[in-house]
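One letter stands for each residue in the lines below.
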Amino acid sequence: MSQEVLDVRPVVKAVLRNALKDVRHVRAVAPRGAGEQVARVYTQIERDFGVLAPPLALHSPAPEVLAASWLLLREILLVEGRVGRAAKEVVATEVSRANSCPYCVDVHRATLRELSDRPDAGSGALGTWARSSGLLPVPGEPSPPAPFGPSAAPELYGVAVTFHYINRMVSIYLAGSPVPDQAPGFLRGPILRTATRAMRPDGPGPLRPGTSLDLLPDAPLPDGLAWASPNRTVAAALGRAAGAVESAARWVPEGVRECLDIHLARWGGRPMGLGRVWLDEAVAGLPAPEVPTARLALLTAFACHQVTDADILAFRERHPADRELIELTSWAALSTALLLGRRFTTAPASP
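An account of the accompanying structure is given in this report.

About the thresholds
Residues numbered from 1 in each chain as written. Predicted model: local features only at pLDDT ≥ 70, side-chain atom pairs only at ≥ 80, totals over all residues. Heavy atoms only, no water. Helix = DSSP H or I, 4+ residues; strand = E, 2+ residues; numbered from the N terminus. Polar contact = N/O pair within 3.5 Å; in protein donor to acceptor, adjacent residues only side chain to side chain. Contact = heavy atoms within 4.5 Å. Phe/Tyr/Trp six-rings, centres within 6.5 Å; stacked < 30°, edge-to-face > 60°. Buried < 20%, exposed > 50% of the residue type's maximum accessible area, 1.4 Å probe, protein only. Axes fitted to C-alpha atoms, helices over the stretch in contact; angles between N-to-C directions. Parallel < 35°, antiparallel > 145°, perpendicular 65-115°, else oblique. Left-handed = near helix turned anticlockwise from the far one by under 90°. Nonpolar A, V, L, I, M, F, W, Y, C, P; charged D, E, K, R; others polar.

### With respect to the side chain of Ser-69
- With respect to the element layout, Ser-69 can be found in helix α4 (residues 63-78).
- Polar contacts involving the side chain of Ser-69 include one to the main-chain carbonyl oxygen of Leu-66, which spans 2.8 Å.
- Sequence-distant contacts of Ser-69, defined by excluding residues within four places in its chain, comprise Leu-56, His-59 and Tyr-165.

### Focus on the packing of aromatic side chains
- Per the stated rule, a full pass over the model turns up ten aromatic pairs.
- On the numbers, 4.7 Å between centres and 35° between planes, the contact of Tyr-157 with Phe-344 is tilted. Here Tyr-157, found in helix α8 (residues 153-173), pairs with Phe-344, found in the segment after α15 (322-342); they are 187 residues apart in sequence, far enough to count as distant. Take Tyr-157 and Phe-344: they sit in the same class, and that class is buried.
- Here Trp-267 and Phe-302 contribute two aromatic rings whose centre-to-centre distance is 5.1 Å and whose plane-to-plane angle is 65°, an arrangement assigned as edge-to-face. Separated by 35 residues along the polypeptide, Trp-267 in the loop between α11 (254-266) and α12 (277-283) and Phe-302 in helix α13 (residues 291-302) bring together distant segments of the chain. In this structure, Trp-267 and Phe-302 share a single accessibility class: buried.
- Joined through ring pairs, the aromatic side chains of Trp-129, Phe-148, Tyr-157, Trp-227 and Phe-344 make up one cluster.

### Description of the packing of α11 against α15
- α15 packs onto α11 with a crossing angle of 30° between their chain directions and a minimal axis gap of 11 Å. It follows from the interaxial angle that α11 and α15 lie roughly parallel. Once α11 is placed against α15, the crossing between them reads as right-handed. Contact residues: α11 offers Val-256, Arg-257, Leu-260 and Leu-264, while α15 offers Trp-331, Ala-332, Ser-335, Thr-336 and Leu-339.
- Grouping the constituent residues of the contact of α11 with α15 by class yields six nonpolar, two polar and one charged.

Shape descriptors only; they carry no functional weight alone.
Okay, structure coming up:
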């Protein structure tokens, strides 16, 4: 690790910890006030990721969900197996671009530029596939084939699922960019480069697979994700994360669950448009007390950029705790990401 990284890391850590106050709608748990489970996850994040990043810390009001988000990021994006980190960052960047998540685009594009001498890597076949990974094919139009073989599928499909999840949470709870609004335009690049250089493990050498898995109990791989099975660590991370999020959201009413399932099954992956007629129609017929919960779940899944303070306040009338808000939105976001993952072919095309 260079002396430059060692010099800037304490400053970047302090800045990002201070940025936890910029998380919207919930109060992220401060490291000094963390309970045992959150503190354990935070310790791993700072050791293996280098910084306590707000996209992870925003989950902290729900400790099991925080652990789930960390398992997905660490074991699928950060750990290198058959696929190098640069290729994973291409997928992370381009999925985020497709989901209109500028925060994640900024971070992962800057990381990619630190890892690769190809600043245009996202314009290649892998980037094209990643941008279309949430879409059903349009009748009569071919969809881009996955430009990698089956051995790479667990990791690259897993990264796509992870960022279809993370983008939705970030879009609700964080501002449009990690760079402060008051920063001059010419400083954006240096600020991002400095931050990404600090996002590295404290220890030498590559990360060891599976280290975070014991944060959550074992759970089966969700149905339809057979492509993950050849990589035991990826499969375990997906299974444990999905199991934890589902368990945390067990209080979600059955009518809300059915409503989301029905509309996910019909969805082609494309934006819902600026209006909310579709939302009003989707919740028609639900008991009035369940409507705010269903509306927020559907917005998280299909139009996370449309979530407003009023939507949050309506939900909080019956569910005032930060924990419940994180549990609901993470359940809806991960349900959507897993649905998209089930649409991936199990036999990707070779390059």
